[in-house]
Amino acid sequence: MKTETRFFLQDDPALPRLAALMQEMQTHYGVYCPSHEEIIAGLARRPPAAEILLCEDEEAVLGFAAFSAIYPGPGLKPGIFLKELYVSNAQRERGIGKTLMRALARIASSRGLSRIDWTADSSDLRLVAFYERLGGAPKPEKLFFRLEDEALEALAD
């Protein structure tokens, strides 16, 4: 079956299929998942700078990459932060993840962006190997931080 990689648009007809894939993703990671309706509402309200690439066929969204531009980076150059790359469990090993990453690299290049940054679960050796095969280099000198929930609220007060 032929696949297509494209941007997810406002009022996109793939919205319910992307929401279903996001539900699958949350189950895959074993984390809380909002209702289908809440996911759809969240996608509709996403910030304008939050972009999503889809890889789909005629029947389903097979995978997606959610990303945003970032600035500044090394040498005060802009880049992309890849927030999420997910391929449906049923579609793995078909090259969809690589297709999405290649499309993201082309976007970065066409926009004059110097890099793509992302995080990965270091215990997922299959995932780490996938990123390394693409040419990604782990940056062990960097720490990933998150401010959320009560800590976020406390700092905001």
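Residues numbered from 1 in each chain as written. Predicted model: local features only at pLDDT ≥ 70, side-chain atom pairs only at ≥ 80, totals over all residues. Heavy atoms only, no water.

A. Layout of a nonpolar patch on the surface. On the surface, Leu147, Leu152 and Leu155 cluster together into a nonpolar patch covering about 290 Å² of accessible area. Structurally, Leu155 is set in helix H5 (residues 149-156). Taking the relative accessible area as the measure of exposure, Leu155 reaches 61% and is therefore exposed. (Patch = residues over 30% accessible without salt bridge, like charges linked within 9 Å, V, L, I, M, F, W, Y side chains within 5 Å. Areas by Shrake-Rupley, 256 points an atom, 1.4 Å probe, with all protein chains shown as cover. Salt bridge = Lys/Arg side-chain N within 4 Å of Asp/Glu carboxyl O. Helix = DSSP H or I, 4+ residues; strand = E, 2+ residues; numbered from the N terminus. Buried < 20%, exposed > 50% of the residue type's maximum accessible area, 1.4 Å probe, protein only.)

B. View of helix H1 (residues 15-29). Taking 1.5 Å per residue, 15 residues should reach 21 Å; H1 reaches 21 Å between its end C-alpha atoms and fits that length. For H1, every residue scored as buried is listed here: Leu15, Leu18, Ala19, Leu21, Met22, Met25 and Gln26. Buried residues of H1, seen end-on, are gathered within an arc of 160 degrees and therefore sit on one face of the element. Next to the buried residues of H1 lie helix H2 (36-44), strand S2 (51-56), strand S3 (61-70) and strand S4 (79-87). (Expected span 1.5 Å × (residues − 1). Arc of directions from axis to C-beta. Contact = heavy atoms within 4.5 Å.)

C. Quick peek at the nonpolar core. Core analysis: the biggest nonpolar cluster contains 20 residues, and Leu53, Phe67, Ile80, Leu82, Leu85, Leu100 and Leu104 have the highest contact counts within it. Secondary structure elements with two or more residues in this core: S2, S3, S4, helix H3 (96-110) and helix H4 (125-134). Element by element, the count of residues in this core is highest for H3, at seven residues. Those residues in contact with Leu82 that sit more than four places away from it in its chain are Ala65, Ala66, Phe67, Met101, Leu104, Ile116, Asp117, Trp118 and Tyr131. One finds Ala19, Leu21, Ala66 and Tyr86 within the second-largest nonpolar core, a separate group that totals 16 residues. (Core = buried A, V, L, I, M, F, W, Y, C linked by side-chain atoms within 4.5 Å.)

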